[in-house]
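# Breakdown of the fold
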Amino acid sequence: MELLVQKGHEVVLLTTCEKGYLHKYMENLGVHTEAVELKAGSSKLSFYITNLIKLRSVIKKYKIDIVIAHQQVPALIAGLLRKVNPFRLIYVR
């Protein structure tokens, strides 16, 4: 992310964990950060719907055209969303 920012790209980090040290560290590097707010005890269906909605809103807010998904669940969510929103999707593990 740091290298992408240095190359002049606008980078956004979206996580499913509360904003904390990682987010502050990334913001200091010039990365925009967002976090999905999940309610404790939410169902699997609610988890996926909440993440789909948040990813869609972040893509719209920052006019994102490339999503880099790291890990299986975010990749699945991005893959599902890509069916209705046009963006390039890169899977990185």
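This text goes with the structure placed above it.
We now turn to the structure provided with this report. (Residues numbered from 1 in each chain as written. Predicted model: local features only at pLDDT ≥ 70, side-chain atom pairs only at ≥ 80, totals over all residues. Heavy atoms only, no water.)

### Quick word on helix H4 (residues 72-82)
- The set of residues buried in H4 consists of Ala 75, Ile 77, Ala 78, Gly 79 and Leu 81.
- The inward-facing, buried residues of H4 abut helix H3 (44-62), strand S3 (66-70) and strand S4 (88-92). (Buried < 20%, exposed > 50% of the residue type's maximum accessible area, 1.4 Å probe, protein only. Helix = DSSP H or I, 4+ residues; strand = E, 2+ residues; numbered from the N terminus. Contact = heavy atoms within 4.5 Å.)

### Details of the environment of Ile 59
- Position of Ile 59 relative to the elements: it lies in helix H3.
- Taking the C-alpha atoms as reference points, Ile 59 and Ala 75, 16 residues apart in sequence, are found 15 Å from one another.
- With residues up to four places along the chain from it excluded, the contact list for Ile 59 reads Ile 64, Val 67, Leu 81 and Phe 87.

### Looking at the side chain of His 23
- Position of His 23 relative to the elements: it lies in helix H2 (residues 21-28).
- Apart from the residues lying within four places of it in its own chain, the contact partners of His 23 are Thr 15, Cys 17, Glu 18, Thr 33, Glu 34 and Ala 35.

### Overview of the packing of H3 against H4
- Where H3 meets H4, the axes come as close as 10 Å, and the angle between the chain directions of the two elements is 65°. Viewed along their axes, H3 and H4 adopt a mutual orientation that is roughly perpendicular. In the packing of H3 onto H4, the handedness of the crossing is right-handed. Residues Phe 47, Tyr 48, Asn 51, Leu 52, Leu 55, Arg 56 and Ile 59 of H3 lie in contact with H4, whose contacting residues are Val 73, Leu 76, Ile 77, Ala 78, Leu 80 and Leu 81.
- A breakdown of the residues in the contact of H3 with H4 according to their chemical character gives 11 nonpolar, one polar and one charged. (Axes fitted to C-alpha atoms, helices over the stretch in contact; angles between N-to-C directions. Parallel < 35°, antiparallel > 145°, perpendicular 65-115°, else oblique. Left-handed = near helix turned anticlockwise from the far one by under 90°. Nonpolar A, V, L, I, M, F, W, Y, C, P; charged D, E, K, R; others polar.)

### With respect to the pairing of S4
- Across five bridges, S3 lies against S4 in parallel orientation. Bridge pairing in S4 places Ile 68 opposite Ile 90.
- Handedness of the β-α-β unit built from S3, H4 and S4 comes out right-handed. (Pairing = 2+ DSSP bridges. Right-handed = clockwise from strand over helix to strand, strands pointing away.)

### Observations concerning a nonpolar patch on the surface
- A surface patch of nonpolar side chains, about 380 Å² in accessible area, is lined by Leu 4, Ile 66, Ile 68, Ile 90 and Val 92.
- If you list the elements that add at least two residues to the nonpolar patch, you get S3 and S4.
- By secondary structure assignment, the location of Ile 66 is in strand S3.
- Residue class for Ile 66 comes out partly exposed when judged on its relative accessible area of 35%. (Patch = residues over 30% accessible without salt bridge, like charges linked within 9 Å, V, L, I, M, F, W, Y side chains within 5 Å. Areas by Shrake-Rupley, 256 points an atom, 1.4 Å probe, with all protein chains shown as cover. Salt bridge = Lys/Arg side-chain N within 4 Å of Asp/Glu carboxyl O.)

### Considering the environment of Leu 52
- Following the sequence through the fold, Leu 52 ends up in helix H3.
- Of the residues examined, Leu 52 reaches a relative accessible area of 24% and is grouped as partly exposed.
- For the pair Leu 52 and Glu 2, spaced 50 residues apart in sequence, the C-alpha to C-alpha distance is 26 Å.
- For Leu 52, the residues in contact, after removing those within four places along its chain, are Ile 77, Leu 80 and Leu 81.

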